[in-house]
Amino acid sequence: MPPVIKIVHVSDTHVVAAPHTLYGLDPRDRLARAVADIALRHDDAALCVVTGDLAHWGERNAYAAFASVWAGCPLPTILMIGNHDDRESFKAVISPAMVDADGFVQGQRVLGDLTCLFLDTASPGSHAGAYCERRRAWLAQALAEAPGDVLIFMHHPPFAVGVPAMDAIALADAEAFASVVVPHRERIRHIFFGHLHRPISGSWRGIPFSCTRGLNHQLSLDGQLRIEGGEDVGDIVGSREPPGYNVALIAEDRIVVHAVAFLDHGSRFSLTAEETAGRSYALGMRVE
Ligand SMILES: [Fe+2]
């Protein structure tokens, strides 16, 4: 049986240069804690992918701050860009940056029988994503040449998820994107993305997907959820819910995606011992 491949999925680190914080939180500290947790618990992973928004304002010193913290990650890593990133600053500081022949931060990597495709959906000057004709041509060729199953990693979701303020800044040319991807959906086993700063999963046009939490701030789910239309999208409402990253276990017959709340260091206890000791409530309040 082929080995299970583990991939760590981190997104939306939103690093700002010292001494600044962001929304009352310290993205550099959170990144350092995530890196330490990944190094401690997941050093057997084949790959770690950061699906964009590495820097909140896209400045070079923020990428330098990111890189100095990320140097502690023991895993092979793919760093991608999102709407908060600056493509040229990213390429100037991040080394080696993954860049295609047209200068976009995208590329591919083979893991066992899988081809992983990393897409650049950034659109300078816009928080919405774009996947232009040149990028679509790159993707069409990569999909045509991939010998087997495919995983896709991207920053923006190519569809609405029911949070109107975020759906307004999803991938703008989603139908054109779908026209390239959908013909290969039998081989595309999963789409991993960020941008939404929430744990979200489901399927789109028959392709399973997952989104991980951000590492700094989160998107609040307070308010109305609706998939279809409406002019009034409202504000994007942030929250300080705990951050997280995802771990995907990829086997021949399944992909399982686990959410990791790496800042939770609350006490651990044995559920098994509780079962064998008899009925109990809330850590020994009552044991028969
Ligand atoms: Fe973000």
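Use the structure listed above.
Residues numbered from 1 in each chain as written. Predicted model: local features only at pLDDT ≥ 70, side-chain atom pairs only at ≥ 80, totals over all residues. Heavy atoms only, no water.

## Topic: the overall build of the protein chain
Under the convention used in this document: Where helices and strands are cited, they refer to DSSP runs of H or I of at least four residues and of E of at least two residues respectively, numbered from the N terminus. The size measure is the radius of gyration over C-alpha atoms, and the globule rule it meets is 2.2 Å times the number of residues to the 0.38 power. Contacts between residues were defined by any pair of non-hydrogen atoms, one from each residue, lying within 4.5 Å. The Shrake-Rupley method, run with a 1.4 Å probe, gives the accessible areas here. Residue values count only the displayed protein chains as cover. A positive count includes Lys and Arg, and a negative count includes Asp and Glu. His and the chain ends are not counted in either. Taken as the charge location is NZ of Lys, CZ of Arg, CG of Asp or CD of Glu.
Counting its secondary structure elements, the protein chain contains 7 helices and 15 strands. For a compact globule of 288 residues, the expected C-alpha radius of gyration is about 19 Å, and the protein chain comes in at 20 Å, within 12% of that figure. In terms of its C-alpha atoms, the protein chain occupies a principal-axis envelope of roughly 70 × 50 × 45 Å. Sequence-distant contacts in the protein chain: of pairs separated by 6 or more residues, those separated by 24 or more amount to 68%. Of the roughly 13,600 Å² of accessible surface on the protein chain, a fraction of 52% belongs to carbon and sulfur atoms. Side chains of the protein chain carry 24 positive and 34 negative charges; the gap between the two charge centres is 3 Å.

## Examining the packing of aromatic side chains
Each pair of aromatic rings is reported with the distance of its centres and the angle of its planes. Worth spelling out the cut-off: Any two of the Phe, Tyr and Trp rings considered here, Trp counted by its six-membered ring, make a pair once their centres fall within 6.5 Å; the pair's planes then place it as stacked at under 30 degrees, edge-to-face at over 60, or tilted in between.
Applying the stated criterion to the full structure yields 11 aromatic pairs. Among the aromatic residues, ring-to-ring pairing joins Tyr131, Phe159, Phe177, Phe193, Trp204 and Phe209 into one connected group.

## Focus on the pairing of strand β1 (residues 5-10)
The criterion, for reference: Categorising residues by exposure relies on relative accessible area from a 1.4 Å probe, with only protein chains included: less than 20% of the type maximum marks a residue as buried, more than 50% marks it as exposed, and the intermediate range marks it as partly exposed. Pairing between two strands requires that DSSP report at least two bridges joining them.
In terms of burial, β1 is largely enclosed, as 6 of its 6 residues are buried. Burial along β1 is two-sided: the face carrying Ile5, Ile7 and His9 and the face carrying Lys6, Val8 and Val10 are both buried. Two strands pair when backbone bridges link them, and β1 and strand β2 (residues 47-50) are joined in this way by 4 bridges, in the parallel orientation. Within β2, the position partnered with Val10 by the bridge is Val50.

## Considering the environment of Asp43
As for its placement among the helices and strands, Asp43 is situated in the loop between α1 (27-41) and β2. Non-local contacts of Asp43, meaning those with residues more than four positions away in its chain, are made with Ile38, Pro74 and Leu75.

## Remarks on the pattern of salt bridges
Opposite charge on two side chains permits them to pair, given that their charged atoms come into close proximity. Spelled out, the test is: By definition, a salt bridge exists where a carboxyl oxygen of Asp or Glu is found within 4 Å of a side-chain nitrogen of Lys or Arg.
Tallied over the full model, the rule gives 14 salt bridges. Between Lys91 and Glu88 there is a salt bridge, with the nearest N and O atoms lying 3.5 Å from each other. Here Lys91 pairs with Glu88, and both are found in helix α3 (residues 87-93), just 3 residues apart, close to one helical turn. By relative accessible area, which is 25% here, Lys91 ends up partly exposed. With a shortest N-O distance of 3.6 Å, Arg134 and Asp102 are connected by a salt bridge. Placement of the pair is Arg134 in helix α4 (residues 133-145) and Asp102 in the loop between α3 and β4 (107-111), with a sequence separation of 32 residues.

## Here we look at the coordination of the iron ion
Where we set the bar: Here a donor is any nitrogen, oxygen or sulfur atom (N, O, S) within 2.8 Å of the metal, with 3.2 Å used for Na, K and Ca; water is not among the atoms considered, so some sites may look incomplete.
Those donors, Asp12 (OD), His14 (NE2), Asp53 (OD) and His197 (NE2), are the protein atoms that reach the iron ion, and they lie 2.1 to 2.2 Å from it. In the primary structure, the donors to the iron ion are separated according to the pattern D-x1-H-x38-D-x143-H. Here Asp12 is found in the loop between β1 and α1, whereas its partner Asp53 is found in the loop between β2 and α2 (60-70), with 41 residues between them in sequence. In this pair, the class of Asp12 matches that of Asp53, namely buried.

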